[in-house]
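Fold and geometry: a report
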Amino acid sequence: MNMKLKIAVLAMTMGFSFSANADFKQAPLPYSVNALEPAIDATTMEIHYGKHHKAYVDNLNAQIKNYPDLDQLSIEAVQAQISKYNTAVRNNGGGHFNHAFFWESLSPTASSGKPSTKLLKQIKKDFGSFENFQTKFNEAATGRFGSGWAWLIVQPNGKLAVSSTPNQDNPLMDVAEVKGTPLLGLDVWEHAYYLKYQNRRADYTKAFWTVVNWKKVSDRYAQANK
């Protein structure tokens with residue numbers, strides 16, 4: 001089996017689609033920029049989505065001239081073999097995947113919902129309680145030194161785990177210290193929260209729970225278990 005086919009199979013088993021790209025594109029936000037207030041303010045969303053995420057997409061596309069195979073891979077498949085690329089692809093490819101994933105992980109407060117019965121059962125099994133899971137996730141978010149992300153993932157053995165990655169790394173990357181299929185991620189770069197929360201990352205992390213899109217997280221869990 002050649003490398004591209006291996007990556008395609010990996011992407012599909014993780015629940016992702018595999019398709020060729022002329023270039024990578026930034027999908028529209030699934031809600032208005034002020035929909036997540038008061039947890040995340042409109043100005044932060046405008047800058048975060050319109051400036052930071054856009055820059056990751058533009059910079060990743062600029063690397064296609066150096067790595068022509070990029071335009072044949074999904075963004076998920078790029079993560080799975082990130083070690084073969086330069087730092088620019090790692091940072092910007094990770095940044096594009098992480099942010100696209102992040103926007104879909106959020107929902108206006110009124111429709112954020114709750115974990116599915118199956119996901120909640122697994123959370124209680126692996127963490128003891130939902131509250132213990134939240135505590136562990138919060139610690140991963142607030143304990144990340146500098147910029148990075150906190151994650152809830154499904155590991156290859158089927159168990160849930162909380163992990164943290166630096167910069168724009170993620171658990172799909174072949175260089176990740178803790179690998180798995182991400183279900184939920186929180187951006188703890190300062191640009192994600194500093195306008196509203198300044199240095200109060202713990203307050204931002206607490207507010208995050210009011211806008212988690214549990215339907216999407218639960219759908220990801222179901223897909224990962226197929």
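All values reported here derive from a predicted model rather than from experimental measurement.

Helix and strand counts for the protein chain stand at 9 helices and 3 strands. Start at the N end of the protein chain and walk to the C end: the helices and strands fall as α-α-α-α-α-α-β-β-β-α-α-α. When each of the 226 residues of the protein chain is scored for burial, the buried share is 49%. For the protein chain, the proportion of contacts with a sequence separation of at least 24, taken over those separated by at least 6, is 68%. Approximately 10800 Å² of the protein chain is accessible, and the part contributed by carbon and sulfur atoms is 53%.

Now for the environment of Gly148. Mapped onto the elements of the fold, Gly148 is located in strand S1 (residues 148-154). A sequence separation of 20 residues divides Gly148 from Gln168, and the C-alpha atoms of the two residues are 6.2 Å apart. Not counting chain neighbours up to four residues away, the residues in contact with Gly148 comprise Thr165, Pro166, Asn167, Leu186, Asp187, Val188 and Trp189.

This paragraph deals with helix H5 (residues 117-127). Helical periodicity: at 3.6 residues per turn, an α-helix aligns residues three or four positions apart in one direction. What H5 keeps buried is the set Leu119, Gln122, Ile123 and Phe127. Buried positions in H5, seen along its axis, are confined to an arc of 105° and lie on one side of it. Of the exposed residues in H5, those oriented more than 90 degrees away from the buried face are Thr117, Lys118, Lys121 and Lys125. Tucked into the core, H5 has its buried residues touching helix H6 (130-143), S1, strand S2 (160-166), strand S3 (181-187) and helix H9 (214-224). Among the residues trailing H5, Gly128 stands out with phi positive, at a value near 95°.

Here Gln81 shows up in the loop between helix H3 (75-80) and helix H4 (87-104). Engagement of the side chain of Gln81 in a polar contact is seen with the side chain of Tyr85, the distance being 3.1 Å.

Turning our eyes to something else, we now look at the sheet that holds S1. Strand order in the open sheet made by the 3 strands is S2-S1-S3, with antiparallel pairing throughout. At either end of the open sheet lies a strand with only one pairing partner, and these are S2 and S3. Neighbouring strand axes in the sheet, compared pairwise and without regard to direction, differ in orientation by 25° on average. As judged from the 6 bridges shared by S1 and S3, these two strands associate in the antiparallel manner. Paired with Ile153 across the strands is Pro182, a residue of S3.

Inspection of the entire model under this criterion finds 18 aromatic pairs. Between Phe137 and Phe208 the ring centres are 5.9 Å apart and the planes differ by 10°, which places this aromatic pair in the stacked class. Within this pair, whereas Phe137 is found in helix H6, its partner Phe208 is found in helix H8 (residues 201-208), the two being separated by 71 residues in sequence. Given a relative accessible area of 2%, Phe208 falls into the buried group. When the centroid spacing of 5.2 Å and the interplanar angle of 70° are considered together, the rings of Phe137 and Trp209 count as edge-to-face. In this pair, Phe137 is assigned in helix H6 and Trp209 in the loop between H8 and H9, connecting sequence segments 72 residues apart.

Of all 7 residues in S1, 7 are buried, a share of seventy percent or more. Burial along S1 is two-sided: Gly148, Ala150, Leu152 and Val154 and Trp149, Trp151 and Ile153, pointing in opposite directions, are all buried. The loop that links S1 with its antiparallel partner S2 comprises 5 residues; one of these, Gly158, has a positive phi angle of about 90°.

This part takes up the environment of Phe24. Tracing the backbone through its elements, the reader meets Phe24 in the loop between helix H1 (3-13) and helix H2 (42-62). Distance from Phe24 to Val57, taken between C-alpha atoms, is 6.4 Å for residues 33 residues apart in sequence. Contact partners of Phe24, with chain neighbours within four places excluded, come to Val57, Leu60, Asn61, Leu70, Leu73, Ser74, Ile75, Val78 and His96.

The next point concerns the packing of H5 against H6. Two numbers describe a pair of packed helices, the interaxial angle and the distance between the axes. The contact between H5 and H6 brings their axes to 8 Å, and the two run at 70°. Classed by the angle they form, the pair H5 and H6 counts as roughly perpendicular. Listed contacts from H6 to Leu120, Ile123, Lys124 and Phe127 of H5 are Phe130, Asn132, Phe133 and Lys136. Among the residues forming the contact of H5 with H6, the class breakdown is 5 nonpolar, 1 polar and 2 charged.

The rules behind each value
- Residues numbered from 1 in each chain as written.
- Predicted model: local features only at pLDDT ≥ 70, side-chain atom pairs only at ≥ 80, totals over all residues.
- Heavy atoms only, no water.
- Helix = DSSP H or I, 4+ residues; strand = E, 2+ residues; numbered from the N terminus.
- Buried < 20%, exposed > 50% of the residue type's maximum accessible area, 1.4 Å probe, protein only.
- Contact = heavy atoms within 4.5 Å.
- Areas by Shrake-Rupley, 256 points an atom, 1.4 Å probe, with all protein chains shown as cover.
- Arc of directions from axis to C-beta.
- Polar contact = N/O pair within 3.5 Å; in protein donor to acceptor, adjacent residues only side chain to side chain.
- Pairing = 2+ DSSP bridges.
- Axes fitted to C-alpha atoms, helices over the stretch in contact; angles between N-to-C directions.
- Phe/Tyr/Trp six-rings, centres within 6.5 Å; stacked < 30°, edge-to-face > 60°.
- Parallel < 35°, antiparallel > 145°, perpendicular 65-115°, else oblique.
- Nonpolar A, V, L, I, M, F, W, Y, C, P; charged D, E, K, R; others polar.

As far as function goes, none of this settles anything; it's purely spatial.
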